[in-house]
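Spelled out from the first residue to the last, the chains are:
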Amino acid sequence: MTSIAPPESWRPALEPALTSLPMRTLGGFLNAEEAAGKHIYPPAGTRLAALALTPLADVRVVILGQDPYHGPGQAHGLAFSVQRGVPVPPSLLNIFKEQESDLGLPRPKHGHLESWARQGVLLLNTVLTVEAGQAASHQGMGWELLTDAAIRAVAERPAPCVYLLWGSHARAKAPRIREATAAAKGGPHLILEAPHPSPLSAYRGFLGCRHFSRANAFLQEHGCNPIDWQLPA
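Numbering of residues starts from 1 in each chain and follows the order in which that chain's sequence is written. Local features in this predicted model are restricted to residues whose pLDDT is 70 or higher, and side-chain atom pairs enter the listing and the counts only when it is 80 or higher, whereas totals over whole chains, interfaces and linings include all residues. Side-chain metrics in this entry use all non-hydrogen atoms of the structure; hydrogen atoms and water are not considered.

The way it works is that DSSP assigns letters per residue, a run of H or I at least four long becomes a helix, a run of E at least two long becomes a strand, and they are numbered from the N terminus. For the protein, the helix and strand inventory stands at nine helices and six strands. For the protein, the spread of C-alpha atoms along the principal axes amounts to about 50 × 40 × 30 Å. Contacts are residue-level and defined by heavy atoms, with any inter-residue pair within 4.5 Å sufficient. Considering only intrachain contacts with a sequence separation of at least 6, the fraction spanning at least 24 residues in the protein is 74%. Counted charges follow a simple rule, with Lys and Arg positive, Asp and Glu negative, and His plus the chain ends left uncounted. Where a charge sits is defined by one atom per residue type, namely NZ (Lys), CZ (Arg), CG (Asp) or CD (Glu). Side chains of the protein carry 20 positive and 18 negative charges; the gap between the two charge centres is 3 Å.

What follows deals with the sheet that holds strand β6 (residues 189-194). Each pair of strands is called paired provided DSSP finds at least two bridges between the two strands. Read from one edge to the other, the open sheet built from four strands follows the order β3-β2-β5-β6, with strand pairing classed as parallel. Looking along the sheet, the strands with just one partner apiece sit at the ends: β3 (121-125) and β6. With strand direction ignored, the average angle separating the axes of adjacent strands in the sheet is 20°. Alignment of strand β5 (residues 161-166) against β6, held across six bridges, turns out to be parallel. Bridge pairing links Cys 161 to His 189 in β6. Contacting β5 and β6, helix α8 (residues 174-184) crosses the sheet at an angle of about 175° to β6. Lines are fitted to the C-alpha atoms to define the axes, a helix being fitted only along its stretch in contact, and any angle between axes, read from their N-to-C directions, falls within 0 to 180 degrees.

Structurally, the position occupied by Thr 129 is in the loop between β3 and β4 (130-131). Residue classification places Thr 129 among the buried positions, given a relative accessible area of 0%. There is a polar contact of 2.7 Å between the side chain of Thr 129 and the side chain of His 138. One polar contact links Thr 129 to Trp 143, side chain to side chain, over a distance of 2.7 Å. Excluding anything up to four places from it in sequence, Thr 129 contacts Leu 30, Ile 40, Tyr 41, Pro 42, Arg 47, Pro 68, His 138 and Trp 143. When accessible area is computed with a 1.4 Å probe and restricted to protein chains, residues below 20% of their type maximum are described as buried, those above 50% as exposed, and intermediate ones as partly exposed. A 3.5 Å cut-off defines polar contacts: any pair of N or O atoms within that distance qualifies, except that in protein one atom must be a possible hydrogen donor and the other a possible acceptor, and neighbouring residues in sequence count only when both atoms are side-chain atoms.

Further remarks concern the pairing of β5. The buried count for β5 comes to six of six residues, which makes it a mostly enclosed element. As defined by bridge partners, strand β2 (residues 61-65) adjoins β5 across four bridges and the pair is classed as parallel. Across the sheet, the residue bridging to Ile 63 is Leu 164, located in β5.

What follows concerns the packing of helix α2 (residues 21-35) against helix α6 (residues 143-156). At a minimum axis distance of 8 Å, the contact between α2 and α6 shows a crossing angle of 125°. Here α6 runs oblique to α2, going by the angle between their axes. Along its contact with α2, which presents Pro 22, Met 23, Leu 26 and Leu 30, the element α6 presents Trp 143, Leu 145 and Leu 146. Within the contact of α2 with α6, the residues separate by chemical class into seven nonpolar, no polar and no charged. Here the angle decides the label: under 35 degrees means roughly parallel, over 145 means roughly antiparallel, 65 to 115 means roughly perpendicular, and every other value means oblique. Under this grouping Gly is polar, as are all residues other than the nonpolar Ala, Val, Leu, Ile, Met, Phe, Trp, Tyr, Cys and Pro and the charged Asp, Glu, Lys and Arg.

Where burial is concerned, most of β2 is hidden: five out of the five residues are buried. Of the two faces of β2, the one lined by Val 61, Ile 63 and Gly 65 and the one lined by Val 62 and Leu 64 are each fully buried. With five bridges connecting them, β2 and β3 associate as parallel partners. The partner of Ile 63 across the bridge, within β3, is Leu 123.

Before going further, it helps to spend a moment on the nonpolar core. To define a nonpolar core, start from buried Ala, Val, Leu, Ile, Met, Phe, Trp, Tyr and Cys residues and group those joined through side-chain atoms within 4.5 Å. Ranked by internal contacts, the top residues of the largest apolar core, which has 74 residues, are Trp 10, Ile 63, Trp 116, Trp 143 and Tyr 163. With eight residues, the top contributor of residues to this core is α6. Apart from the residues within four sequence positions on either side, Ile 63 is in contact with Ala 79, Phe 80, Trp 116, Val 121, Leu 122, Leu 123, Leu 124, Leu 164, Trp 166 and Trp 229.

Attention now moves to the packing of aromatic side chains. Two rings from Phe, Tyr or Trp (for Trp, the six-membered ring) form a pair when their centres are within 6.5 Å of each other. A pair whose planes differ by under 30 degrees is stacked, one over 60 is edge-to-face, and the rest are tilted. Going through the model one piece at a time under the given rule, you end up with six aromatic pairs. Here the aromatic rings of Trp 166 and Phe 212 are separated by 6.0 Å at their centres, their planes lie at 65°, and the arrangement is edge-to-face. With a gap of 46 residues between them, Trp 166 in strand β5 and Phe 212 in helix α9 (residues 211-221) connect regions that are remote in the sequence. Relative accessible area serves as the criterion here: at 0%, Phe 212 is assigned to the buried category. By way of ring pairs, the aromatic residues Phe 80, Trp 116, Trp 166, Phe 206, Phe 212 and Trp 229 are connected into one cluster.

What follows concerns unusual backbone geometry. Cis geometry marks the peptide bond from Tyr 41 to Pro 42; its omega dihedral reads -10°. Summarising the element assignment, Pro 42 is placed in the loop between β1 (40-41) and α3 (49-53). In the segment running from Gly 187 into Pro 188, the intervening peptide bond is cis, with an omega of 15°. Relative to the assigned elements, Pro 188 resides in the loop between α8 and β6. Look at Lys 185: it is not a glycine, yet its phi comes out positive at around 55°. With respect to the helices and strands, the residue Lys 185 is situated in the loop between α8 and β6. Looking at Lys 185, the relative accessible area reads 73%, which means it is exposed. The phi angle at Arg 210 is positive, at roughly 60°, despite the residue not being glycine. Examined against the element boundaries, Arg 210 turns out to sit in the loop between β6 and α9. Using a relative accessible area of 42% as the deciding quantity, one classes Arg 210 as partly exposed.

Next comes the structure, spelled out in structure tokens:
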């Protein structure tokens, strides 16, 4: 049976969403899909990995994805990330190209972004499951209530945070982030927007956006440690 239970650090902020009818309906939907033999990514037990690896109090950067990779063996609960040994997807390759240009970092040999998550980079997709081979197949099924609550919880804190919003889907969250920040007198926060790193759009302004150096500069200006964006070998 599918269980949607966030880590303890996130539970108070997410409890209202978890107990809502759409979220209860989502659990039943996922159970029915899996009982029907459909392959759902990422596997149960990893769907809340972004929240598990990055406690609410530790969040310094938020990178929003849309929904998980829908190919076999790719999605493991962190937006844009793949496990070691899995070929680096094109969007992530462009992220690495921008890092190389912005920070002078060599391109990693793998796409496993866990080290970012453990430093306070919340790698959150707005939808946390997908049917194999069917991009965006679980949009509107209820996940957005949970992930919007997580985004709002970060915005309401007094701690500085940088939001990296890439692509129209992520950029659409900017007004909500600003509203939540203003209502709770949270922040200071920095919202950086750019086109999606997909090969279809990266050339329109993602490449050359310098978001990684700008994020670190903001964190340091506000007394926070920068992110070490270089992945372990």
